[in-house]
Amino acid sequence: MAATQKLACFRLPPLPTIKEIIKLYNLRAEKQLSQNFLLDMRLTDKIVRQAGNLKDAHVCEVGPGPGGLTRSILKAGAVDLLVVEKDIRFIPGLQLLSEAAPGRMKIVHEDILTYRLEKGFPAHIAKTWEDAPPNLHVIGNLPFSVSTPLIIKWLEQISNRTGCFMFGRTRLTLTFQKEVAERLTASTGGRQRSRLSVMAQYLCTVKNCFTIPGYAFVPKPNVDVGVVHFTPLAQPQIQQPFKLVERIVKNAFQFRRKHCRRGLEMLFPESQRQELTEELLRSADVDPTLRPTEISISEFRALADAYSMLCKENQGLIDYDFREELKFRHQAKRQLGSNCRGASPSHHNRGKC
């Protein structure tokens, strides 16, 4: 059977089951940390298969918890496994697993949102960006509370080729709430099309691999879970800085049921709003009556290029935030009201207030 269909047989010595590990170390999933344990090894094996052939691979596992997915990664033949776990309660169980696979597993007690993954792997595994992806993978059954900020962080690192993407086009295989997985992979015009769809797809090939029913987890979450695979593109579909693209896409989707003009016009100060919005849409050749969900990646590319040009022509535009302008106006109104309440009730003051 092909490697993608069957895990290579790298047997671990006899170990307590995951259920026994949970009982042995008195582990409980913390609701405030969005923890849900996946105990079915057939499902953890299936997640690992989506990553591809892991024989002799370098792997980072995010949030291993009691170690179910960790066992599947080791069984698949990973030669160098780095696990990053924030919750200290899981460390003893992971150490037991590390001792069963000597020299193949390192444990880091850190928060994945701040830990620098590039420190965990040797420089010699790096490949140039245009080459095939390196033999390095990031795999994780992510807590729901960190999944979206984490993928946004990694997408920015893909754009900048930093973090674990210093080694090349490192592939990611991750779990998300089913709805988030559908957003990440939604096509133009789709019901779930969102800011996340555009930001992920302009930088990566994104595949929604399969869905895990909520009842497979302990404790059972209120939602099903989607497994998503990301392969960074050799050439991003938008050749602009990540923050600029994010600004365009975020503004476009803030009024997702209205015409795209409504959100895009908030990129510009009120005094120039109409003029610059018209120039942006004309330069990008984008129909102002499109809904945000109907804008294709190529149209977002045209919008980003046109906006970049406007920023070069209009000093300070790149730093403009309509929320700050709105906040300033509200403060000015409150100050005026305060002045009026404190003033004497003369005819002159009544006219000003």
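Residues numbered from 1 in each chain as written. Predicted model: local features only at pLDDT ≥ 70, side-chain atom pairs only at ≥ 80, totals over all residues. Heavy atoms only, no water.

Under the UniProt heading Sequence similarities (unreviewed entry), the entry covering the protein gives this text: "Belongs to the class I-like SAM-binding methyltransferase superfamily. rRNA adenine N(6)-methyltransferase family. KsgA subfamily." Here is the UniProt Subcellular location (unreviewed entry) comment for the protein, exactly as written: "Mitochondrion". (UniProt positions renumbered as here; feature names shortened; annotations may be inferred.)

A. Quick peek at the overall build of the protein. What the protein contains, in helices and strands, is 13 helices and nine strands. A principal-axis box enclosing the C-alpha atoms of the protein has dimensions of 90 × 50 × 35 Å. Counting only residues that meet the buried cut, the protein has 50% of its 353 residues in that class. When contacts within the protein are restricted to residue pairs at least 6 apart in sequence, those whose partners lie at least 24 apart make up 71%. The protein carries 51 positive and 35 negative side-chain charges, and their two centres are separated by 5 Å. (Helix = DSSP H or I, 4+ residues; strand = E, 2+ residues; numbered from the N terminus. Buried < 20%, exposed > 50% of the residue type's maximum accessible area, 1.4 Å probe, protein only. Contact = heavy atoms within 4.5 Å. Lys, Arg positive; Asp, Glu negative; His and termini not counted. Charge placed at Lys NZ, Arg CZ, Asp CG, Glu CD.)

B. Looking closely at the pattern of salt bridges. The tally for this structure, following the rule as stated, stands at 15 salt bridges. Salt bridges here are not isolated pairs; linked through shared partners, they connect Glu 156, Arg 195, Lys 243 and Glu 246. (Salt bridge = Lys/Arg side-chain N within 4 Å of Asp/Glu carboxyl O.)

C. Here's a closer look at the nonpolar core. Counting residues in each nonpolar core, the largest one holds 70 residues, and the members touching the most others are Leu 117, Trp 154, Leu 155, Phe 176, Phe 230, Phe 300 and Leu 303. Here the element with the most residues in this core is helix α11 (residues 297-313); it accounts for eight residues. The contacts of Phe 300, once residues within four sequence positions are left out, are Val 198, Ile 238, Ile 248, Val 249, Ala 252, Phe 253, Pro 292 and Ile 295. Judged by nonpolar contacts, the second largest core, of 36 residues, contains Ile 22, Ile 47, Met 105 and Val 227. (Core = buried A, V, L, I, M, F, W, Y, C linked by side-chain atoms within 4.5 Å.)

D. Quick peek at the packing of aromatic side chains. Under the counting rule described, the total for this entry stands at five aromatic pairs. Pairing Phe 37 with Phe 90 gives two aromatic rings, centres 5.7 Å apart and planes at 85°, and the pair type is edge-to-face. With Phe 37 in strand β1 (residues 37-38) and Phe 90 in the loop between β3 (80-84) and α4 (91-100), this pair connects stretches of sequence that are 53 residues apart. Comparing Phe 37 with Phe 90, the two get one shared label, buried. Summarising the aromatic geometry, the rings of Phe 121 and Phe 167 are spaced 6.4 Å apart at their centres and angled 85° between planes, so their arrangement reads as edge-to-face. Of this pair, Phe 121 sits in the loop between β4 (105-108) and β5 (136-140) while Phe 167 sits in the loop between α5 (144-160) and β6 (171-177); the two residues are 46 residues apart in sequence, bridging distant segments of the chain. (Phe/Tyr/Trp six-rings, centres within 6.5 Å; stacked < 30°, edge-to-face > 60°.)

E. Representation of the state of the cysteines within the structure. For the coordinates displayed, the defined rule picks out zero disulfides. Left unpaired, Cys 260 is separated from the closest cysteine sulfur, that of Cys 311, by 17 Å. (Disulfide = S-S within 2.5 Å.)

F. Spatial organisation of helix α3 (residues 68-75). With seven of its eight residues buried, α3 lies for the most part within the structure. Considered for burial, the residues of α3 that qualify are Gly 68, Leu 69, Thr 70, Arg 71, Ser 72, Ile 73 and Leu 74. Looking at the residues trailing α3, positive phi occurs at Gly 77, about 105°.

G. Representation of the side chain of Glu 85 within the structure. Relative to the helices and strands, Glu 85 resides in the loop between β3 and α4. One buried charge, Glu 85, has no salt-bridge partner; the nearest side chain with opposite charge is Arg 89, at 7.3 Å. Discounting chain neighbours no more than four positions away, the residues touching Glu 85 are Gly 63, Pro 64, Gly 65, Phe 90, Ile 91, Leu 94, Val 108, His 109 and Glu 110.

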